[in-house]
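Structural overview for review
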Amino acid sequence: YNRMVDGGFAHALFAAQLSELPSDAGRLVLFAATGAGYEDVDIITAAAGFGEDFARWEPAIAAGIVTVGEDRRVRFGHPLIRSVAYAEGGHEQRRAAHIALAESQALDLFCRAWHLAAAATAPDENVAALLEQGAKESRRRGGYLEVARALQRAGELSPDGADAARRFTVAAAAADFGGDPSW
């Protein structure tokens, strides 16, 4: 995976590799690709519907698609594999994965709200408000650009123009603090 390859060739190569996985392992890889980076293997496995059955990861690990670190985080063997797994999952499967991950009480409000926002198909004030609240709580940890992305998405989901404008304005300020004034 370390050699430079054409993007289209790499996509096809990784898509073929993913298609060879048993369906359970493929589902787990899709859920890992859908993750925001805060979910550990326990959360992903449970959200995918496999409880604590970690043996279902083995084909993906054996193929070098993912590894599980000592911190219990799932890491992809190549950054493009994550993108390909997400793209190949299909809209409805990705949406279902986001919804299942959002239901995990082991995740904080920000992460759950982010998954709900990713699953949203239309403006939704409840999701926008949760995402805004989660972004405010997340700001205490730092990560201004992450906060800016979340507030931008909250603005996009806002059915009311005034709420959207307020959220976009706060997103722009967070991006500026994060070092991206052109946001």
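Predicted, not measured: the structure shown is a model, and the values here were computed from it. (Residues numbered from 1 in each chain as written. Predicted model: local features only at pLDDT ≥ 70, side-chain atom pairs only at ≥ 80, totals over all residues. Heavy atoms only, no water.)

In terms of helices and strands, the chain carries ten helices and two strands. N-terminal to C-terminal, the α/β element order of the chain is α-α-α-α-β-β-α-α-α-α-α-α. For the chain, whose C-alpha radius of gyration is 18 Å, the value lies close to the compact-globule estimate of 16 Å for 183 residues. C-alpha extents for the chain along the principal axes are approximately 50 × 40 × 30 Å. Here the chain holds 183 residues, and the buried ones make up 39% of them. (Helix = DSSP H or I, 4+ residues; strand = E, 2+ residues; numbered from the N terminus. Rg over C-alpha atoms; globule rule 2.2 N^0.38 Å. Buried < 20%, exposed > 50% of the residue type's maximum accessible area, 1.4 Å probe, protein only.)

On to the environment of Asn126, then. Of note, Asn126 is situated in helix α8 (residues 125-139). Residue Asn126 is classed as exposed on the basis of its relative accessible area, which comes to 60%. Taking the C-alpha atoms as reference, Asn126 lies 8.8 Å from Ser158; in sequence the two are 32 residues apart.

Before going further, it helps to examine the packing of aromatic side chains. With the rule as written, the count across this model stands at one aromatic pair. On the numbers, 5.5 Å between centres and 35 degrees between planes, the contact of Tyr144 with Phe177 is tilted. Of this pair, Tyr144 sits in helix α9 (residues 144-157) while Phe177 sits in helix α10 (residues 161-177); the two residues are 33 residues apart in sequence, bridging distant segments of the chain. Look at Tyr144 and you get partly exposed, because its relative accessible area is 32%. Here Arg72 stacks its cationic end above the ring of Phe54, 5.2 Å away from the centre of that ring. For the cation-ring pair, Arg94 lies above Tyr86, with the distance from its terminal atom to the ring centre recorded as 5.0 Å. (Phe/Tyr/Trp six-rings, centres within 6.5 Å; stacked < 30°, edge-to-face > 60°. Lys NZ or Arg CZ within 6 Å of the ring centre and 35° of its normal.)

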